[in-house]
Structure formats: structure tokens, C-alpha cells
Amino acid sequence: MPAIWRSRWSTFSLAFGLCVVAVVAHQIGRHVLGRSILPIGSWWPAAGVALVMMVRLRRQWWPLILTGVVVTGVVNDLLAGASMAQTAVLVTANVVEILTALVLLVGLRPWVRVAPRTLPHGLRLVGAVVVGTVSCTVLVGLYYTLTRDDWWPATRIYLLCRGLSLMMAVPLLLAGPARETLRGLRSRAINLEWAAQLTICIALAWASFVPRQTLLVGFVLVMPLLWGATRLGPMRAMGSMIAVAGIGMYGTRDGHGTLASVSDLVERQTLLLGLLCTLAAAVLLMLLSAAAQQAAAAAVAEREESLAEAQALVQLGSWTWTLSDNSVSWTAEMYRLFDVSPSTFEPNTLSWAQRVHPDDRARLLADLERVGKTGEPYAADFRVQRADGSYRWLFGRGRAVRDRSGRICWVRGTSQDVTASRNTEQQLAAARDLYEGVLSAASKQAIIGTDPDGKGTVFNTGAEKLLGYSKAEMIGRDPLILHDLDEIAARASELGIAPTVAVLAAGVTRSQPQTRQWTHITRDGRRLQALLTRSE
């Protein structure tokens, strides 16, 4: 058999097996739990499960799933004794319910693989449950209006059944990817907690619905069910909810439990379904709230991790000083900059100042106190001592943060390791001092240097003696003041360029310096003829 046919045969075999399981489960639920209390198309969450499968699987599976829903619905309704017309209406209503809810949920495909974790997604999920339930109920209600005298009680019961069915299935959309979900279901600690929660739910449900007379009411189940929704995840929470619903149906079918005083079967059935819908809605909303809180916590943790990575890359830490209680909080990079451990070092103004070099401590504390009192920001370099006794240079900034009334409540700042740039600056300064020392030693030669813009940068002792200007006077000035401007203009005319300092460097390259005689003007106006060698 070709591989493509084997693949298709496996797919259809799986679909057929699911249909058989759905039919058998529905019949067990109808006969064991239902008897006279459950109508055709009960709360058994088959349509809800089909909706979840369509949302989570690829679209190529949708026709097969809908076909399974139709086949399963027809078989179940006919086995329950429904007419062909009633079967057609109920099956069509199921398909309408699924497709209507799917229209609202299909836009959530980017998040269905990881669960809805924002308020808009949660509201969209609730909206899908409501719209799907109402859409199928409208269709069935029209049919009941034409065929039954008790159309309103029947429609009301159908509405509650379908709503309960969806609410007990859609939490499957809140579960994460399959591997993550299976890994979570193997957690021993959570399974032990679920066993305790499920035991309490079953015990309270049994005490509320099974005895002929009971003082308990069904709403005592709210707290253990919400416990499951808050801590145990969607799979376990809805497992407990289905167990409670099954016990409620089983006990109430013969008029037992908390609804024993209600003699009318239809009214008793309506009240039970209303109670179960209320419990399921509470669980669903709590699951959505828990998912949103977990998502928010995960987003905060992710941002903090990203911040820590970014700060580590640039060796920059941040801190916050709360003035009301004099507490200080540091990011992870601050601890690394100060070479201390978060488990042994408690950051505060005193412990922080003890790590600062004694020569910088008073100045830095004064800056910090000033920003806390006046709000004036500060920026300063300072040294901190590390665990090995060495010192590192940090550049710190601090600014005040005010509340709505304008009162300074916090001081926030950053510290960045600038040791490498400080060392580079010191090396450059030493090289500059050496360079200037060599130039100054050449007292019999006038050495003048300019930057690319033609401004003076070097004016050694020999130049001071020869031309009469001091180094301070010439640094940053145009060296043309040392030349005969008429001579400069004549040379510029020969070259065809403007009479600027570029005239002096005309024809000079890195490999070819140029020597030319120029007329120089001293500070006292004397004219000197000198050979000027220009190089780059």
C-alpha cells in the first residue's frame, strides 16, 4: 500500500476511533448519570472538545472533525429515541455552536500553542463561549417553539446544557504545548495537591447531592474548585469540575441532595444546571486570571533577565534609594561591580560608602545627600574597593524621583565600570607628557603642530624663543598670524586656492614632507626668514 494511502488510512482510523469513544462516553453518561434528568444533547462536553481540537489543530483537520461531530451527533440522538427532524436540528445546532465559537477563536492561533495570557485573549475566550452557546440555543429554541408546548423550559435547559458543555472543555485551550503539559502532569508535588483537592471536591459534592436530606448547599464547592483553578492548572481544575458535575447529576436524578425539596423535575433540573454553570464559570474565570498573572510574572522576569544581560554587556548597574525607609535595592550587575554577593551583602548607604575609596567617599556622600534634599542630579567618578583589595573606577549618576505632590521619594541612579577608559586616559596623558617633554627639550628648533582644521596644537620652547609667543597664546589659534599675509596670498594665487593655512601644506603627503622658505612675523613685529618643513 502506498505511503500516502497508509497515512490517510491511519487518519481515518483515528477519527473513527474517536467517534466510537465519543458515542460510548455519551451513552454511558446518558444512561448512568442521566436517566430522566438529562435531555438529548446533554452537558457531556463533546462539542467543546471538538472546538478545542479545531482551534489547536491545522485547518486541514477541520472537515474531518466536523464530520465526526455530525456522525457522533446523529448516532447519539437516534439511539436516544429522537426523530429524524429533531436529530437534524440538534446536530445542526452543534455544528453552528462550534463554528460560531471558532470564528471568534481562530484569530487566536498565534497563542493557542502556549495558552492565552492576556486580558483581551481571555475576554475573547469568554465571548466565544457565550456567543457559541446563544447561537445554537436560538436555533433549537425556534424548533421547540414550533413543536413543543413547553418550549421555554426546554430551551432554557438546553441553553444551560450547552453553556456547561463549552465551559468544561475550553479550559483545554489554556494548557500549554503537549510536551509542556505532559511534563506538568507528571509533577509529583502538584499531583499530591490535586489528590487532596479532588478528594475534598468529591466528598463535598457527595455530601451535597447524594444523601436524601442534607444541610449542605452546592456553593460550598466554590472554594475547593477555585483552589484548583488557582494552583493546579486547567487540566486538573476541569477534571475536578467534571467529577463534581457527574456526582451532582447522579445524586439529583432521583430528587436527592440539596435540591431534594424541589419536587418538579424540570425545575430541579434547571436549578442544578444553573448551579453547575455558575461553578464552571467561576473556575473558568479564575483560570483566566491565574494565566494572566503567570504571564505578567513571566514577562517581568524576562524583562529583568534582559536588563541584567544588557547591564552585564556594558558593565552598568542600576540602583534605587527609597528615602522613606532608607532602603537601597541593587540590580545583579551592581553586586558584580562591587564584587560582593547578594546573599552576604545588604546594600545601604553605609555599607555602600565603606566600599568607596576614602578620598572619594565624602564627596560622593555629599552628592548623594544633595540630590535627596534638593533634587539636583549628580554625575561623578569614584573608586570602589573589590574583594582582592584592588580598586576599580566607576562613573555614577543619580537623579531624584518625585511623587504626584512633588515630594522627593526616591533617588535612582547608575554606576558603570570605566576602569579601562580611565587607564587609557592615563596612558594617553603619560604619552602626551612624554611627547611634550621631548618637544620642549628641542629648544633650538621651533616645532609647531596643527590639527586637521589648522588650529594650533603644539608650540614648543624653541618656537616660543624664536617667535616671542607663548604656548598658551598659540594653542587653538590659526598659525597664519606668524606669517607675512601678502606672501601667503601670492602663494595661494599661484596654487589657485584660498589664502588659508592649507597654503602651507600644499603638496605635502605622508611619505613626502616639504621644505620651503617663508617670512615669519614675531610678536614684536620683526621679520624673520626661516626654512619651514611641513609633514603629515
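Residues numbered from 1 in each chain as written. Predicted model: local features only at pLDDT ≥ 70, side-chain atom pairs only at ≥ 80, totals over all residues. Heavy atoms only, no water.

(A) Inspection of the overall build of the protein chain at higher detail. When its secondary structure is counted, the protein chain shows 19 helices and 9 strands. Expressed as a percentage of the 536 residues in the protein chain, the buried residues total 41%. Of all intrachain contacts in the protein chain linking residues separated by at least 6 positions in sequence, the fraction that spans at least 24 positions is 58%. Of the roughly 28800 Å² of accessible surface on the protein chain, 61% is carried by carbon and sulfur atoms. (Helix = DSSP H or I, 4+ residues; strand = E, 2+ residues; numbered from the N terminus. Buried < 20%, exposed > 50% of the residue type's maximum accessible area, 1.4 Å probe, protein only. Contact = heavy atoms within 4.5 Å. Areas by Shrake-Rupley, 256 points an atom, 1.4 Å probe, with all protein chains shown as cover.)

(B) Molecular detail of the packing of helix α2 (residues 46–56) against helix α3 (residues 62–79). Packing of α2 against α3 brings their axes to within 10 Å, and their N-to-C directions diverge by 175°. Taken together, the axes of α2 and α3 lie roughly antiparallel to each other. Contacts from A50, M53 and M54 of α2 reach α3 at W62, I65, L66 and V69. The residue makeup of the contact of α2 with α3, split by class, is 7 nonpolar, no polar and no charged. (Axes fitted to C-alpha atoms, helices over the stretch in contact; angles between N-to-C directions. Parallel < 35°, antiparallel > 145°, perpendicular 65-115°, else oblique. Nonpolar A, V, L, I, M, F, W, Y, C, P; charged D, E, K, R; others polar.)

(C) Broad picture of the pairing of strand β5 (residues 408–417). With 7 bridges connecting them, strand β1 (residues 316–322) and β5 associate as antiparallel partners. Note on β5: the bridge partner recorded for W319 is G413. In this antiparallel pair of consecutive strands, strand β4 (residues 391–402) and β5, the connection spans 5 residues, and G406 shows a positive phi of 95°. (Pairing = 2+ DSSP bridges.)

(D) Representation of empty space enclosed by the protein within the structure. Scanning all chains against the criterion turns up 2 cavities of 30 Å³ or more. For the largest cavity, the calculated volume is near 110 Å³. Secondary structure elements with two or more residues in the lining of the largest cavity: β1, β2 (327–330) and α14 (349–354). Residues that form the lining of the largest cavity fall into these classes: 8 nonpolar, 2 polar and no charged. Empty space within the second largest cavity amounts to approximately 30 Å³. What lines the second largest cavity is I448, G456, V458, F459, M474, R477 and P479. Tallying contributions element by element places strand β7 (residues 456–459) first for the lining of the second largest cavity, with 3 residues. Residues that form the lining of the second largest cavity fall into these classes: 5 nonpolar, 1 polar and 1 charged. (1 Å grid on protein atoms, 1.4 Å probe; cavity = no way out; pocket = protein on both sides within 12 Å on 5 of 7 lines; lining within 4 Å. Points joined across faces, edges and corners; volume = space filled by probe spheres on them.)

(E) Geometry of the sheet that holds β4. If you walk across this open sheet you meet the 5 strands as β2-β1-β5-β4-β3, and the pairing is antiparallel. Since the sheet does not close on itself, it has two edges, and those belong to β2 and β3 (378–385), each with one partner. Across this sheet, the average inter-strand angle for adjacent strands is 25°, counted without regard to direction. Pairing analysis gives 4 bridges linking β1 to β2, with the strands arranged antiparallel. Note that in β2 the partner of T320 across the bridge is S329.

(F) Structural view of helix α9 (residues 188–209). Over its 22 residues, α9 runs 31 Å from end to end, which matches the ideal 32 Å to within 8%, given 1.5 Å per residue. Buried within α9 are the following residues: E193, Q197, C201, A205, S208 and F209. Axial view of α9: buried residues confined to an arc of 110°, hence all on one face. Those residues of α9 that are exposed and aimed more than 90 degrees away from the buried face are R188, L192 and T199. (Expected span 1.5 Å × (residues − 1). Arc of directions from axis to C-beta.)

(G) Inspection of the pattern of salt bridges at higher detail. Counted under the stated rule, the structure contains 15 salt bridges. The partner of R231 in a salt bridge is E193, and the shortest N-O contact between them spans 2.4 Å. Remark: E193 occurs in helix α9 and R231 occurs in helix α10 (residues 222–231); sequence separation between them is 38 residues. For E193, a relative accessible area of 18% gives the class buried. Residue D339 is joined to R386 by a salt bridge in which the shortest nitrogen-to-oxygen separation is 3.9 Å. (Salt bridge = Lys/Arg side-chain N within 4 Å of Asp/Glu carboxyl O.)

(H) Summary view of the packing of aromatic side chains. The tally for this structure, following the rule as stated, stands at 6 aromatic pairs. Taking 5.2 Å as the distance between ring centres and 65° as the angle between the ring planes, the aromatic pair formed by W330 and Y335 counts as edge-to-face. One exposure class covers both W330 and Y335, and it is buried. Considering the side-chain rings of W330 and F338, the 4.9 Å spacing of their centres and the 35° angle between planes classify their relative orientation as tilted. Like F338, W330 is buried. Here the aromatic cluster, defined as three or more aromatic residues joined through ring pairs, consists of W330, Y335, F338 and F345. Just above the ring of Y144 sits the side chain of R148; from NZ or CZ to the centre is 5.0 Å. Note that R412 overlies the ring of W410, its terminal NZ or CZ placed 5.7 Å from the centroid. (Phe/Tyr/Trp six-rings, centres within 6.5 Å; stacked < 30°, edge-to-face > 60°. Lys NZ or Arg CZ within 6 Å of the ring centre and 35° of its normal.)

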